[in-house]
Amino acid sequence: MTQDAVFAGGEGDQWFERNRQALARKDTPEHDPVLRVLQLANLQPRRVIEIGASNGFRLNLLQQLRPCDVTAVDVSEAAIVEGRARYPGVTFLQGAASAVPIAEDGGFDLVMVNAVLHWIDRSTLMRSCAELDRLLAPHGFLIIGDFHPAAPERVNYHHRSDVELYTYKQNYAEIFLASRLYTQFASVVYDHDTWACNPDVAPRDRYQVVVLKKTGDEAYITRAFPADKT
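Residues numbered from 1 in each chain as written. Predicted model: local features only at pLDDT ≥ 70, side-chain atom pairs only at ≥ 80, totals over all residues. Heavy atoms only, no water.

Draft legend 1. Representation of the pattern of salt bridges within the structure. This structure, assessed with the given rule, holds 13 salt bridges. Residue arginine 46 pairs with aspartate 109 through a salt bridge whose shortest N-O separation is 3.6 Å. Linking arginine 46 in the loop between α2 (33-40) and β1 (47-51) with aspartate 109 in strand β4 (residues 108-114), this pair joins segments that are 63 residues apart in sequence. One salt bridge connects lysine 214 with aspartate 133, and the closest N-O pair in it is separated by 3.4 Å. Taken together, the residues span a long stretch of sequence, with lysine 214 in strand β9 (residues 206-214) and aspartate 133 in helix α5 (residues 125-135) at a distance of 81 residues. (Salt bridge = Lys/Arg side-chain N within 4 Å of Asp/Glu carboxyl O. Helix = DSSP H or I, 4+ residues; strand = E, 2+ residues; numbered from the N terminus.)

Draft legend 2. Looking closely at the packing of α2 against helix α3 (residues 57-65). It is the contact of α2 with α3, at a shortest axis distance of 10 Å, that shows an interaxial angle of 30°. It follows from the interaxial angle that α2 and α3 lie roughly parallel. Crossing hand, α2 versus α3: right-handed. Judged by residue contacts, Val34, Leu35, Leu38 and Gln39 of α2 engage Arg58, Leu61, Leu62 and Leu65 from α3. In terms of residue class, the contact of α2 with α3 is built from six nonpolar, one polar and one charged. (Axes fitted to C-alpha atoms, helices over the stretch in contact; angles between N-to-C directions. Parallel < 35°, antiparallel > 145°, perpendicular 65-115°, else oblique. Left-handed = near helix turned anticlockwise from the far one by under 90°. Contact = heavy atoms within 4.5 Å. Nonpolar A, V, L, I, M, F, W, Y, C, P; charged D, E, K, R; others polar.)

Draft legend 3. Main features of empty space enclosed by the protein. Throughout the structure, instances matching the rule amount to one cavity of 30 Å³ or more. Counted as a void, the largest cavity has a volume near 40 Å³. For the largest cavity, the full set of lining residues is Ile144, Gly145, Asp146, Phe147, His148, Gln170, Asn171, Tyr172, Ala173, Gln208 and Val210. Broken down by element, the residue count for the lining of the largest cavity peaks at four residues, all from strand β5 (residues 136-147). (1 Å grid on protein atoms, 1.4 Å probe; cavity = no way out; pocket = protein on both sides within 12 Å on 5 of 7 lines; lining within 4 Å. Points joined across faces, edges and corners; volume = space filled by probe spheres on them.)

Draft legend 4. Region of interest: the sheet that holds β1. Read from one edge of the open sheet, seven strands run β3-β2-β1-β4-β5-β9-β8, paired in mixed fashion. Two strands bound the open sheet, and with one partner strand each, they are β3 (91-94) and β8 (182-191). Across the sheet, the mean angle separating the axes of adjacent strands is 15° when strand polarity is ignored. Relative to strand β2 (residues 69-74), β1 runs parallel, the two sharing five bridges. Note on β2: the bridge partner recorded for isoleucine 49 is threonine 71. Relative to β8, α2 is tilted by about 135°, and along the sheet it contacts β4, β5, β8 and β9. Contacts from α3 reach β1, β2 and β4 within the one sheet, and its direction differs from that of β4 by about 140°. (Pairing = 2+ DSSP bridges.)

Here you go:
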């Protein structure tokens, strides 16, 4: 069984129940590191989608900062039920990062994925990254929040002992930057436990929120084909 199937089969709901009260405390943009960086970068999105949005609390706060259309995608039915009741201004869809239930390509000028990629099964990681890229419009922005250790590592997922699950910690922005189709626009590294910018935080506790811009092939140098070549 893949990690994706485990979370879609109930662990997503369990995560939401464990973190329901903590999410409720994020009632202002200042309490959320992703929105802090969004404000720092002065982004002005019109259509936003968040993958792994839980009950949509972040998108609701974003609408208070920047009037925009927002869509939340999550595997947890419990989170979506609560979100629809609490945040009528947010559109909710149930689905996985590897198969977002939206047919439209490039329909969003901001895509957000926070604390999600480290749980995705390695067999569907690249497919999930391709979905993020598919949804994002040219010259749009992608915000990735995730662990930022000194080197990639995997840690046992301590909430479940009946199945083999891991938290995969790595710099996920590197996947997009390596394509040369994205450039880094802004980045802030936090202490995962305190959400403070602490220069002394241990490498395994570092958490990065990075803003990438989808530039397409603009980074390529154009060279004319030599006239004497056939």
